[in-house]
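Descriptive structure summary
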Amino acid sequence: MRLKHLAPLLATAGLIATTVPLLAATQAAAAPAADHLRQKPAWQRCSPEQPASYECATLKVPLDHRRPDGRTLDIAISRMKSENPAKRRGVLLLNPGGPGGSGLDLPLLMDGMMPREVREGYDLIGFDPRGVGASSPITCGLNDAEQAFDRAYRTETFASDVTWARTVADKCREKAGAVLPHITTRNTARDMDTIRAVLGEKKISFVGYSYGTYLGAVYSQMYPERTDRFVLDSGVDPQRIWRGMIQVWATEAEPAFARWTQWAAERSAEFGLGEDPEAVSATFWGLVARADREPIDFEGLKVTGDMIRSARGVFFYPAQASPLIASLKAAAEGRPPAVGADVEALEQFLGRTAEEPATDNGTAAFWAVVCGDTGSWPKYAEQYERDAARDKVKYPLYGDFVSNIKPCAFWDRPVESATPMNRRANVLTVQNEWDSQTPLTSGQGLHRALKGSRMVTVAGGEGHGVYLVDPASCANAPVNTYLATGRLPAQDVTCQNPPASAAGKRGSAAAERLPFPGIPGRF
């Protein structure tokens, strides 16, 4: 999930790995296969309620791959085999993003969505990454308030923000203990290679969305000789992990907001938000100021100005944003919601969500990866305060949220450096132009980082997740060709969806079926 997203880049020192991990990987490749690489999956039907062709198994992987004979973790995997052995090429691993997203159900979900010429070539393989879902899940014991990601910066509340960040880090350290430092992208990539080995494959293919693009990129650098056909959809820029990827939500919300004001102004008769972009912007910021003075009562939800600003993702979808803001304006004026407004969607964007299981597993895994992948997070609260105050002015919609202090300020130092992107990777990257979670600029950064890659950009495309999310997307054809034949486009491709396309529309049937983390705070 979900999803993303341009401010100061991370210090490059945190992204330059020493040669030690690469040397260790080379030595490990030359050593005899460890026991975990020789295990055989005990496949069984995942559930009586699901098709018999949907099979599940559990593997054991080392907690610390440097110590293969030490403590182990469970990795839950699933598969749906190709029904045409004559055309089967190998295995296609799938990841929906996160970090902290479960991918166990993806083969079941994507089985009927792929065209036959692609589907027949692969056994579809899903898995829950280490620490997630059915794979030795971790917890930090966080309550709902401690899981809240969006925290606006104010001088008078910054001390409590520091306390929150320190509390999350301390509770994660207490609850997850020795496991926490090993819930990282590099270790998940090693687990993927374990899956490859136990399935008896020389190479793997991969479709990864959002955070899954970074996971796939890391695998391609750690195991280039085992990387087959990789599709990286809605890209994370490796140069921005991870504070920069969070900050990019703010920088790219600004052009999306400007695009929305233009769109709404052109339809002023319908929405009544203003006759030109400046007037629409004034209406919006007037609502924020009004809600700062006194929360707006919207269907029993007390909406503050910070809540309105935190809904920055909605402005990547002008057709959805306009009736939502019109409804909020009506509520502020004591009128009923605008005709055609999706009240449930507005409540979602403003922070009221359906009940979910009382677990912090996804949040715990998110912070484990985001804080544990790189040592480039600032360690001094004063820097976060300066950055948040600056970015509240520079990027008024969301800048202070993303630059405010995070638990990573109090995290232990990572056990290894981030993965350098210095090996050729003949992979295909895919990107919508208007993606709220992994914006175009981060997708372009991923493409630049992976020498030899090709990029398919959907001009004007809205939404997080492209391939198969919109059945009519112009990106589907080049992706299908690549997965079916291995042929990358001769050059980068920019295409436009047909007018009838529902690309990026929330509520499209395909998007609802795929578990992308499409909420703030997820990739």
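Right above here is the structure, for reference.
Residue numbers here run from 1 along each chain, matching the order of that chain's written sequence. Selection of residues for local features in this predicted model requires a pLDDT of at least 70, selection of side-chain atom pairs for listing and counting requires 80 or more, and totals for whole chains, interfaces and linings are taken over all residues. To get the side-chain values, all heavy atoms of the structure are used, and hydrogens and water are removed first.

1. Points about the environment of Ser310
Under the convention used in this document: Numbering of helices and strands runs from the N terminus, with a helix taken as a DSSP run of H or I at least four residues long and a strand as a DSSP run of E at least two residues long. Two N or O atoms form a polar contact when they lie within 3.5 Å of each other; inside protein one atom must be a possible hydrogen donor and the other a possible acceptor, and for residues adjacent in sequence the pair counts only when both atoms belong to side chains.
Along the chain, Ser310 turns up in helix 11 (residues 305–310). Placed 91 residues apart in sequence, Ser310 and Phe401 show a C-alpha to C-alpha distance of 7.8 Å. Of note is the side chain of Ser310, whose polar atom sits 2.8 Å from the backbone oxygen of Met307.

2. Some points on helix 14 (residues 361–372)
For an α-helix the count is 3.6 residues per turn, leaving residues at separations of three or four pointing the same way. What counts, and what does not: Multiply 1.5 Å by the residue count of a helix minus one, and that product is the helix's expected span. We call a residue buried when its accessible area falls under 20% of the maximum for its residue type, exposed when it is over 50%, and partly exposed in between, using a 1.4 Å probe and counting protein chains only. By the convention used here, residues are in contact when the closest approach between their heavy atoms is within 4.5 Å.
An ideal rise of 1.5 Å per residue puts 16 Å on 12 residues; helix 14 measures up with 16 Å between its terminal C-alpha atoms. Taken across its 12 residues, helix 14 has 11 buried, putting it largely inside the fold. Residues of helix 14 that are buried: Asn361, Thr363, Ala364, Ala365, Phe366, Trp367, Ala368, Val369, Val370, Cys371 and Gly372. If you follow the buried residues of helix 14, they end up packed against helix 4 (144–147), helix 5 (158–176), helix 6 (185–198), helix 7 (211–222) and helix 8 (243–265).

3. Regarding the packing of aromatic side chains
Note the following rule: To pair, rings of Phe, Tyr and Trp, with the six-membered ring standing in for Trp, must have centres within 6.5 Å; the planes then decide the type, stacked if under 30 degrees apart, edge-to-face if over 60, and tilted in the middle. Whether a charge lies above a ring is judged from NZ of Lys or CZ of Arg, which has to be within 6 Å of the ring centre and within 35 degrees of the ring normal.
The tally for this structure, following the rule as stated, stands at 25 aromatic pairs. Measuring from centroid to centroid gives 5.8 Å for Phe149 and Trp249, while their planes differ by 65°, and the two rings are edge-to-face. Of this pair, Phe149 sits in the loop between helix 4 and helix 5 while Trp249 sits in helix 8, placing them 100 residues apart in sequence. Here the two residues Phe149 and Trp249 agree in accessibility, since each one is buried. On the basis of an interplanar angle of 50° and a centroid distance of 5.5 Å, the ring pair of Phe257 and Trp260 is categorised as tilted. One end of the pair is Phe257 and the other is Trp260, both in helix 8 and three residues apart, which spans about a single turn. A single burial state applies to Phe257 and to Trp260, both of which are buried. The rings of Phe149, Trp164, Tyr211, Tyr214, Trp242, Trp249, Phe366, Trp367 and Phe523 are connected pair by pair, giving a single aromatic cluster. Seen from the ring of Phe149, Lys406 lies directly overhead, with NZ or CZ sitting 5.8 Å from the centre.

4. Overview of the nonpolar core
So the rule is basically this: Grouping buried Ala, Val, Leu, Ile, Met, Phe, Trp, Tyr and Cys residues that are joined through side-chain atoms within 4.5 Å yields what is termed a nonpolar core.
Grouped together as the largest cluster of nonpolar side chains are 108 residues, with contacts concentrated most on Trp242 and Trp260. In terms of residues, this core owes the most to one element, helix 8, which gives 10 residues. Counting 25 residues, the second largest nonpolar core, distinct from the first, contains Leu94, Met114, Leu124 and Leu428.

5. Let's talk about the packing of helix 8 against helix 10 (residues 277–293)
Counted only if it meets this: Axis lines are fitted to C-alpha atoms, over the contacting stretch for helices. Their N-to-C directions set the angle, which ranges from 0 to 180 degrees. Comment on the angle field: the value is read as roughly parallel under 35 degrees, roughly antiparallel over 145, roughly perpendicular from 65 to 115, and oblique elsewhere. Helix crossings get a hand from a simple test, with the near helix turned counterclockwise from the far one by less than a right angle marking a left-handed crossing and a clockwise turn marking a right-handed one. Throughout this entry, Asp, Glu, Lys and Arg are counted as charged residues, while Ala, Val, Leu, Ile, Met, Phe, Trp, Tyr, Cys and Pro are counted as nonpolar. The remaining residues, Gly among them, count as polar.
Look at helix 8 against helix 10: their axes get within 8 Å of each other, and the N-to-C directions meet at 110°. Taken together, the axis directions place helix 8 and helix 10 in an arrangement best described as roughly perpendicular. Crossing geometry of helix 8 relative to helix 10 is assigned as right-handed. Taken together, the residues of helix 10 that come into contact with helix 8 (itself represented by Phe257, Trp260, Thr261, Gln262, Ala264 and Ala265) are Pro277, Val280, Ser281, Phe284 and Trp285. Classifying every residue of the contact of helix 8 with helix 10 by side-chain character gives eight nonpolar, three polar and no charged.

6. Re the pairing of strand 11 (residues 454–462)
Sheet faces and side chains relate simply in a regular strand, where the side chains alternate between the two faces. The condition that has to hold: In short, DSSP must find at least two bridges between two strands for them to pair.
In the sheet, strand 10 (residues 428–434) pairs with strand 11 via six bridges, with the strands oriented parallel. Across the sheet, the residue bridging to Trp434 is Glu462, located in strand 11. With three bridges joining them, strand 11 and strand 12 (residues 493–495) adopt parallel strand pairing. The partner of Val458 across the bridge, within strand 12, is Cys495.

7. A short note on the sheet that holds strand 4 (residues 90–95)
Reading across the sheet, the 10 strands line up as 1-2-3-5-4-6-7-10-11-12 and stay open at both edges, with mixed pairing between neighbours. Edge strands, defined here as strands with exactly one partner in the open sheet, are strand 1 (44–45) and strand 12.

8. A closer look at the state of the cysteines
Put simply, the rule reads: The disulfide definition used here is simple: a pair of cysteine sulfur atoms within 2.5 Å.
Evaluated as defined, the whole model comprises four disulfides. Each disulfide pairs two cysteine sulfurs, and for Cys474 the partner residue is Cys495, the sulfurs being separated by 2.0 Å. In this structure the cystine formed by Cys474 and Cys495 twists about its S-S bond by roughly 75°; its chirality is therefore right-handed. Within this pair, whereas Cys474 is found in the loop between strand 11 and helix 18 (476–485), its partner Cys495 is found in strand 12, the two being separated by 21 residues in sequence.

9. Regarding the side chain of Arg226
Along the polypeptide, Arg226 turns up in the loop between helix 7 and strand 7 (227–233). Under the relative-accessibility criterion, Arg226 is labelled buried at 19%. Look past the residues within four positions of Arg226 in its chain and what remains in contact with it is Asp193, Arg196, Lys202, Lys203, Ile204 and Tyr219.

10. Side note on helix 8
Here is the rule: We define the bend at each residue as the angle formed by axes fitted to the 7 residues ending at it and the 7 residues starting at it.
In this model helix 8 runs 34 Å from its N-terminal to its C-terminal C-alpha over 23 residues, within 8% of the 33 Å that 1.5 Å per residue would give. Its axis deflected by about 30° at Ala253, helix 8 carries its strongest bend there, up to four residues before the proline Pro255. Most of helix 8 sits inside the fold, with 17 of its 23 residues counted as buried.

11. Observations regarding the environment of Ala319
Structurally, Ala319 can be placed in helix 12 (residues 318–332). Taking the C-alpha atoms as reference points, Ala319 and Ala264, separated by 55 residues in sequence, lie 8.4 Å from one another.

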